[in-house]
Amino acid sequence: DVKVTQSSRYLVKRTGEKVFLECVQDMDHENMFWYRQDPGLGLRLIYFSYDVKMKEKGDIPEGYSVSREKKERFSLILESASTNQTSMYLCASSLIRAGNTIYFGEGSWLTVV
Amino acid sequence: AQSVAQPEDQVNVAEGNPLTVKCTYSVSGNPYLFWYVQYPNRGLQFLLKYITGDNLVKGSYGFEAEFNKSQTSFHLKKPSALVSDSALYFCAVSLLINAGNNRKLIWGLGTSLAVNP
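As a starting point, this report considers the structure included with it.

Rules used in this analysis
Residues numbered from 1 in each chain as written. Chains lettered and ligands numbered in written order. Predicted model: local features only at pLDDT ≥ 70, side-chain atom pairs only at ≥ 80, totals over all residues. Heavy atoms only, no water. Helix = DSSP H or I, 4+ residues; strand = E, 2+ residues; numbered from the N terminus. Rg over C-alpha atoms; globule rule 2.2 N^0.38 Å. Buried < 20%, exposed > 50% of the residue type's maximum accessible area, 1.4 Å probe, protein only. Contact = heavy atoms within 4.5 Å. Polar contact = N/O pair within 3.5 Å; in protein donor to acceptor, adjacent residues only side chain to side chain. Buried area = accessible area lost by both parts, 1.4 Å probe. Salt bridge = Lys/Arg side-chain N within 4 Å of Asp/Glu carboxyl O. Nonpolar A, V, L, I, M, F, W, Y, C, P; charged D, E, K, R; others polar. Disulfide = S-S within 2.5 Å.

Before going further, it helps to examine the overall build of chain B. Helix and strand content of chain B: zero helices and twelve strands. Ordered by position from the N terminus, the helices and strands of chain B form the series β-β-β-β-β-β-β-β-β-β-β-β. In terms of overall dimensions, chain B is globule-like: its C-alpha atoms have a radius of gyration of 14 Å, near the 13 Å expected for 117 residues. With the principal axes as the frame, chain B shows a C-alpha extent of 50 × 30 × 25 Å. Counting across all 117 residues of chain B, residues that qualify as buried make up 47%. Contacts in chain B between residues far apart in sequence, at least 24 positions, make up 55% of those at least 6 positions apart.

Okay, here's the thing in structure tokens:
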């Protein structure tokens, strides 16, 4: 079965803290994605990666960075967390071929206080 | 601009009745279209997709969707709704982003489906 694992389901962090959200997939997928989901705004793409050490900005990259040192792992980093980054964060992965299904993790709820 | 629209924020239907969740798109070229479902506090689960071929696509949990090129629509349907179908439904279209054939999905804002007993 397809598996995308987000290590933290619920986090509470303080303003200014550095936050790491980890995602691992076991399907040997080339593509990996980080989205944030907010009520009324749907899913917005933060960053994506189509190969190890490769990254591309999505629609809302400001305030975020990513790391992909290994094919199976894609980390989202909030260098200095702010309250407007309180959200649900979703990791996803897919094969690189067009039309392939994207598979999602269960999500990480981040609250910044 | 390339976009996906889900014109209804919420759909209410009685259990046992047919349901339709609407999706229209505006993209150049031949679209790859997807439907996902999200249950409360969970990630998104894949339901079905249209890539090519038969316009009627069957997916998980008894759902199906019909691709209509002339109306640029990809509505999600189910003949008989269950209370357990109550969830948030997202439509998405795959967009080519560079010459390397990399794609990303453009998402609708979601439709909340409530199935009443």
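Turning our eyes to something else, we now look at unusual backbone geometry. Residue and element names in this part refer to chain B. Positive phi outside glycine occurs at Tyr61, with the angle close to 55°. Take Tyr61: it is sitting in the loop between β7 (56-58) and β8 (64-68). A positive phi angle is found at Thr72, which is not glycine, with a value near 45°. Mapped onto the elements, Thr72 comes out in the loop between β8 and β9 (73-78).

The next thing to look at is the side chain of Asn31(A). Residues and elements named next belong to chain A. The topology assignment puts Asn31 in strand β5 (residues 31-38). For Asn31, a relative accessible area of 6% corresponds to the buried category. Among the polar contacts listed, one links the side chain of Asn31 to the backbone oxygen of Leu95, at a separation of 3.4 Å.

With that out of the way, let us pick up the interface of chain B and chain A. Counting from both sides, the interface comprises 21 residues of chain B and, opposite them, 26 residues of chain A. Counting the surface lost from both chain B and chain A, the interface buries some 1,900 Å², and carbon and sulfur atoms represent 54% of this. Here chain B is connected to chain A by one salt bridge. Notably, a salt bridge pairs Glu106(A) with Arg42(B), separated by 2.5 Å at the nearest N-O pair. Where chain B meets chain A, there are seven residue pairs in polar contact (both at pLDDT 80 or more). Of all the elements in the fold, those that place two or more residues in the side of chain B that touches chain A are β5 (32-38), β6 (44-50), β10 (87-96) and β11 (103-107) of chain B. Taken together, the residues of the side of chain B that touches chain A break down into twelve nonpolar, five polar and four charged.

Okay, the state of the cysteines next. Scanning the model with the defined rule gives two disulfides over all chains in all. Paired by a disulfide, Cys23(A) and Cys91(A) hold their sulfur atoms 1.9 Å apart. Note on the Cys23(A) and Cys91(A) pair: the S-S dihedral is about -75°, so by sign convention the disulfide is left-handed. Placement of the pair is Cys23(A) in strand β4 (residues 23-25) and Cys91(A) in strand β10 (residues 87-94), with a sequence separation of 68 residues. Disulfide pairing is shown between Cys23(B) and Cys91(B); the S-S distance is 1.9 Å. Of note, the bridge from Cys23(B) to Cys91(B) carries an S-S torsion of about -65° and is left-handed in sense. Taken together, the residues span a long stretch of sequence, with Cys23(B) in the loop between β3 (19-21) and β4 (24-26) and Cys91(B) in strand β10 at a distance of 68 residues. Given the relative accessible area of 0%, Cys23(B) is considered buried.

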